[in-house]
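Take a look at the letters that make up each chain.
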Amino acid sequence: MEVTNSAAIQFPKINESNPAVPTKTVAPESNNNENVEHPITKEAIVDKVDSMNEFLEPTSTNVKFQLHEELEVYYVQVIDSKTDEVLREIPNKKFLDMYASMADLAGLIVDEKR
């Protein structure tokens, strides 16, 4: 393989001023209500609060730690606070039950007598 001359990459010198963020100053915004197009009404506030409650409704969950009795391992349950319904289990309890039964079956096949 033959190496030929290629264009060298030019890096900026360390002493050169090259800020990543421009140092342009911005005038602070005024907090006057001159830019408001319409006055705030009670109905508008109620509408915004209702829409925020709808948006946040799916996040009304609790986390619960449970101990699997056979394996003596903890797993996490994500529970809906309104209906007390289990939304998710990490790891899945059915998987832990299956693992415990397989370990029990393996113990029947191989005895640990010494």
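Residues numbered from 1 in each chain as written. Predicted model: local features only at pLDDT ≥ 70, side-chain atom pairs only at ≥ 80, totals over all residues. Heavy atoms only, no water.

**Q** Tell me what's going on with the overall build of the protein, and back it up with residues and numbers.
**A** From N to C terminus, the protein includes two helices and three strands. Here the protein holds 114 residues, and the buried ones make up 8% of them. Restricting the contact set of the protein to residue pairs at least 6 apart, pairs at least 24 apart contribute 18%. Put simply, the protein shows about 11600 Å² of open surface, and 55% of that area lies on carbon and sulfur atoms. (Helix = DSSP H or I, 4+ residues; strand = E, 2+ residues; numbered from the N terminus. Buried < 20%, exposed > 50% of the residue type's maximum accessible area, 1.4 Å probe, protein only. Contact = heavy atoms within 4.5 Å. Areas by Shrake-Rupley, 256 points an atom, 1.4 Å probe, with all protein chains shown as cover.)

**Q** Explain the sheet that holds strand E3 (residues 86–90) to me, using residue names and the numbers behind them.
**A** Strand order in this open sheet of three strands is E1-E2-E3, and the pairing throughout is antiparallel. The sheet is open, and its two edges are formed by strand E1 (61–68) and E3, each paired on a single side. With direction set aside, neighbouring strand axes in the sheet form an average angle of 25°. Of the pairings in the sheet, the one linking strand E2 (residues 73–80) to E3 comprises four bridges and is antiparallel in character. The residue bridging Val76 from the neighbouring strand is Ile90, located in E3. (Pairing = 2+ DSSP bridges. Axes fitted to C-alpha atoms, helices over the stretch in contact; angles between N-to-C directions.)

**Q** Please set out the side chain of Asp80 residue by residue, giving values where relevant.
**A** As for its placement among the helices and strands, Asp80 is situated in strand E2. Lys82 provides the closest opposite charge to the buried, unpaired Asp80, separated from it by 6.8 Å. At 3.2 Å, the side chain of Asp80 forms a polar contact with the side chain of Thr83. Residues in contact with Asp80, not counting those within four places in the same chain, are Ser60, Glu85 and Leu87. (Lys, Arg positive; Asp, Glu negative; His and termini not counted. Salt bridge = Lys/Arg side-chain N within 4 Å of Asp/Glu carboxyl O. Polar contact = N/O pair within 3.5 Å; in protein donor to acceptor, adjacent residues only side chain to side chain.)

Coordinates in, geometry out; function isn't part of it.
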